[in-house]
Amino acid sequence: FEVTEKASARIKDFLQKNGKPFIAERIPGLLSGPRLDLALDEPQESDVSFSDREVAYYINRDDFEKVKPVHIDFVETDKGSGYTITSALAAPSYPP
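Sequence order as written defines the numbering, with residues in each chain counted from 1. Predicted model: local features are reported for residues with pLDDT of at least 70 only, side-chain atom pairs are reported and counted for 80 or more only, and whole-chain, interface and lining totals are derived from all residues. Each side-chain value is derived from all of the structure's non-hydrogen atoms; neither hydrogens nor water enter the calculation.

1. Structural notes on helix α1 (residues 5–18)
Helix and strand assignments follow DSSP, with helices taken as H or I runs no shorter than four residues and strands as E runs no shorter than two, numbered in order from the N terminus. Each residue after the first adds 1.5 Å to the expected span of a helix. Taking 1.5 Å per residue, 14 residues should reach 20 Å; α1 reaches 20 Å between its end C-alpha atoms and fits that length. Taken as a whole, α1 has its buried residues at A7, S8, I11 and L15. Taken end-on, α1 shows its buried residues confined to a sector of 95°, consistent with a single buried face. Pointing more than 90 degrees away from the buried face of α1 are the exposed residues E5, Q16 and K17. Of the residues one or two after α1, G19 is the one with positive phi, at around 80°. Classification of residues uses two cut-offs on accessible area relative to the type maximum, computed with a 1.4 Å probe and protein chains only: under 20% is buried, over 50% is exposed, and between them is partly exposed. As used here, the arc belongs to the directions running from the helix axis to the C-beta atoms.

Now the structure itself:
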């Protein structure tokens with residue numbers, strides 16, 4: 001589970017304003033297949049936790065075994081900005 005410095009700085013700023021931990025969730029896809037997404041939620045007993053630059057991340061233990069390794073970055077393009085999450089799932093998720 002890896003988070004880039006740029007993504008970490010954005011996430012820390014966001015968490016200071018919102019206060020809940022980040023959860024990486026496996027979302028079933030219709031046409032493009034399953035993907036990972038970030039959400040604010042409370043951790044569950046079935047989650048495994050990772051700490052990076054003083055931020056805790058949680059993901060369902062079974063899901064993590066299916067998708068690891070997980071890499072989170074923050075990108076800025078002329079079309080917009082947002083987090084990218086790459087993993088063992090077929091296609092990375094990109095910002096809008």
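2. Considering the side chain of T4
Secondary-structure assignment places T4 in the loop between β1 (2–3) and α1. Judged by relative accessible area, which is 18%, T4 ranks as buried. Here the side chain of T4 touches A7 through a polar contact of 3.2 Å, landing on its backbone nitrogen. Should any heavy atoms of two residues lie within 4.5 Å, those residues are considered in contact. Ignoring anything within four residues of it in the chain, the contact list for T4 reads R53, H71, I72, D73 and F74. Two N or O atoms form a polar contact when they lie within 3.5 Å of each other; inside protein one atom must be a possible hydrogen donor and the other a possible acceptor, and for residues adjacent in sequence the pair counts only when both atoms belong to side chains.

3. With respect to the packing of aromatic side chains
Centres within 6.5 Å make a pair out of two Phe, Tyr or Trp rings, where for Trp the six-membered ring is used; the pair is then stacked when the planes are under 30 degrees apart, edge-to-face when over 60, and tilted otherwise. Taken as a whole and assessed by the stated rule, the structure comprises four aromatic pairs. Three or more aromatic residues joined by ring pairs form one cluster here, namely F1, F50, Y57 and F64.

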